[in-house]
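Coordinate inspection notes
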Amino acid sequence: MRQFSERRVLVTGGSGFLGSHLCERLLRDGCDVLCVDNFFSGSKENIIHLMDNPHFELIRHDVTFPLYVEVDEIFNLACPASPVHYQFDPVQTTKTSVHGAINMLGLAKRVKAKIFQASTSEVYGDPQVHPQPESYWGHVNPIGPRSCYDEGKRCAETLFFDYRRQHNLRIKVARIFNTYGPRMHPNDGRVVSNFIVQALRNQSITVYGSGTQTRSFCYVDDLIEGIVRLMDTPDAFTGPVNLGNIGEYPVLYLAEKIIELTGSRASVVLKPLPADDPQQRQPDIALARAQLGWEPRVALEEGLRKTIDYFARTLQR
Ligand code: NAD
Ligand code: UDP
Ligand code: UDP
């Protein structure tokens, strides 16, 4: 029989990069974890080490279809996050964000679960306010190649707040800024994984545009800590709250740093800048500091070293 202290937690997108780290962390915290994933951009490899844990369960399922399970908390992470993956089938990306959110909110409503949404800094688009506070409404192209993701995530936020207003759901919305670390998909096209894989293979490092565009890179362990703390805040606190590292770097600097840390013989080649690529991005994390007592601890170089170690091991296999 179930013990009353047990938290039954659903993690959608649980076999992806962030989801697998979250499942691991929740198991460590004593939860019963149900991982739901359709393996579009995630992989069984990411969670294979959890499969023989009796508190871990996996369901292959697409969140755009209804899901009937009994849980106490839901972490909704299902959605491809890399531009290459989310632009591969843009209609499915919007469906995942919007229909997926509706289904998970409907589930939360039925079972009275608390529900977390993995939103994104992309809701700010190509921002004209810098750094970006949660009060900024953003600068988003509604009809461009990134829109399936950006607008899908914006609509998901709308749904979360409407379910809160209409049905009094307990919601938690985090706007996640670029996060990196072990278990990123080696071919998913995101900048940190691309550069590390290219550097380790001594292939050209593909910098898009002039490389002056900036991003702020958060190590995965820091981000997971932020998500867990957000979920534990009092019900009155819903977010949206930015989660990310304030260390902001030009993409060209990242390329050079990775070449240095890997000791690679690779050199940088410039490629065309993709459409609507945001020029600068840095989270204002004052709200997270105040409400969650949270801030990232892992410096870029330390996080990159850990990520490089991971890719060096997996690429050898
Ligand atoms: P990821 O692609 O590694 O993980 C997403 C997971 O969702 C994958 O396992 C994928 O198979 C699964 N998925 C996709 N569509 C699905 C569907 N319809 N039904 C069920 N599962 C589905 O990406 P990630 O970096 O781990 O991102 C996780 C979440 O965090 C995403 O919602 C993403 O938008 C958000 N996020 C991530 C970042 C980041 O930098 N990593 C930044 C902002 C927001
Ligand atoms: N839903 C689900 N699991 C549940 C309850 C609901 O997947 O346990 C889905 C259901 O298919 C519905 C959606 O969530 O389409 C929204 O549910 P809600 O109750 O808010 O709306 P309604 O059922 O009235 O459309
Ligand atoms: N980028 C790059 N080379 C790559 C992959 C990405 O220069 O091989 C750039 C990309 O144009 C963007 C930044 O790195 O300016 C971050 O890209 P990513 O896809 O990781 O995330 P997002 O653009 O969604 O923040």
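Here we summarise the structure given alongside this text. Numbering of residues starts from 1 in each chain and follows the order in which that chain's sequence is written. Think of it this way: whatever chain is written first is A, whatever ligand is written first is 1, and the rest follow in order. Local features are withheld for residues below a pLDDT of 70 in this predicted model, meaning they are given only at 70 or higher, and side-chain atom pairs are given and counted only at 80 or more; totals for whole chains, interfaces and linings count all residues. Derived side-chain values reflect all non-hydrogen atoms in the structure, with water molecules and hydrogen atoms excluded from consideration.

Regarding the site of ligand 2
- All residues in the neighbourhood of ligand 2 are listed as P66, L67, Y68, I102, N103, G106, L107, K109, R110 and Y163.
- Two N or O atoms count as a polar contact when they lie within 3.5 Å, although within protein this holds only if one can serve as hydrogen donor and the other as acceptor, and sequence-adjacent residues are included solely when both atoms are side-chain atoms. Separating a nitrogen atom of ligand 2 from a backbone N or O atom of L67 is a distance of 2.7 Å.
- Contact distances for ligand 2 include 2.6 Å between an oxygen atom and a side-chain N or O atom of R110.
- Methods summary: accessible areas were calculated by the Shrake-Rupley approach with a probe of 1.4 Å, and residue burial reflects only the protein chains presented. Contact with the protein chains hides 64% of the accessible area of ligand 2, taken as 520 Å² for the molecule alone. For each residue, the test is whether any non-hydrogen atom lies within 4 Å of the molecule or strand; if one does, the residue is near.

Comments concerning the environment of E225
- Comment: elements are numbered from the N terminus, with helices defined as DSSP H or I runs of at least four residues and strands as E runs of at least two. Counting through the fold element by element, E225 comes out in helix α6 (residues 220-231).
- The buried label goes to any residue with under 20% of its type's maximum accessible area, the exposed label to any with over 50%, and the partly exposed label to all in between, with areas taken from a 1.4 Å probe on protein chains only. In this structure E225 comes out as partly exposed when scored by relative accessible area, which is 22%.
- Measuring from C-alpha to C-alpha, the distance between E225 and P296 comes to 8.8 Å, with 71 residues separating the pair along the chain.
- A distance of 2.8 Å separates a polar atom in the side chain of E225 from a polar atom in the side chain of R25.

Some points on the packing of aromatic side chains
- Two aromatic rings, drawn from Phe, Tyr or Trp (for Trp, its six-membered ring), form a pair once their centres lie within 6.5 Å of each other, and the interplanar angle then sorts them: stacked below 30 degrees, edge-to-face above 60, tilted otherwise. Evaluation of the coordinates by the stated rule reveals eight aromatic pairs.
- Between the aromatic rings of Y249 and Y253, the centroid separation amounts to 5.1 Å while the plane-to-plane angle is 15 degrees, which identifies the pairing as stacked.
- A relative accessible area of 34% means that Y253 is categorised as partly exposed.
- Ring-pair connections join several aromatic residues into one group, and the members of that group are Y124, Y136 and F177.

Focus: the nonpolar core
- Nonpolar core, defined: a set of buried Ala, Val, Leu, Ile, Met, Phe, Trp, Tyr and Cys residues in which side-chain atoms within 4.5 Å join the residues together. Counting 59 residues, the largest nonpolar core has L22, F75 and F116 as its most contacted members.
- The element best represented in this core is α6, accounting for seven residues.
- Setting aside its immediate chain neighbours within four residues, L22 contacts V11, F75, L77, I224, I227 and V228.
- In this structure, V63, L159, F161 and L169 belong to the second largest nonpolar core, which totals 26 residues. Should any heavy atoms of two residues lie within 4.5 Å, those residues are considered in contact.

Describing helix α5 (residues 191-200)
- In terms of burial, α5 is a largely internal element, eight of the 10 residues being buried.
- Among all positions of α5, only V192, S193, N194, F195, I196, V197, Q198 and A199 are buried.
- For α5, the elements touching its buried residues are β7 (179-180), β8 (205-208), α7 (251-262) and α9 (300-316).
- Taken from the residues just after α5, N202 is the one with a positive phi, measuring 55 degrees.

So, the site of ligand 3
- Taken together, the neighbourhood of ligand 3 is formed by 18 residues, with T206, Y208, R215, D277 and R281 sitting nearest.
- A distance of 2.8 Å separates an oxygen atom of ligand 3 from a polar atom in the side chain of N194.
- Contacts to ligand 3 include Q213, whose side-chain N or O atom sits 3.0 Å from an oxygen atom.
- A total of 520 Å² of accessible area belongs to ligand 3 in isolation, and the protein chains cover 95% of it.

As for the side chain of T120
- Structurally, T120 is set in strand β5 (residues 114-120).
- Using a relative accessible area of 6% as the deciding quantity, one classes T120 as buried.
- Of the polar contacts made by the side chain of T120, one reaches the backbone nitrogen of E122; its length is 2.9 Å.

Focus: unusual backbone geometry
- Between H130 and the following residue, P131, the backbone shows a cis peptide bond with an omega angle of -10 degrees.
- As for its placement among the helices and strands, P131 is situated in the loop between β5 and α4 (147-167).
- Residue P240 is reached from G239 by a cis peptide bond, and omega for that bond is 5 degrees.
- Backbone geometry places F39, a non-glycine residue, at a positive phi of 60 degrees.
- In this fold, F39 is placed in the loop between β2 (32-37) and β3 (56-60).
- Phi angles above zero are rare outside glycine, and N202 is one such case at about 55 degrees.

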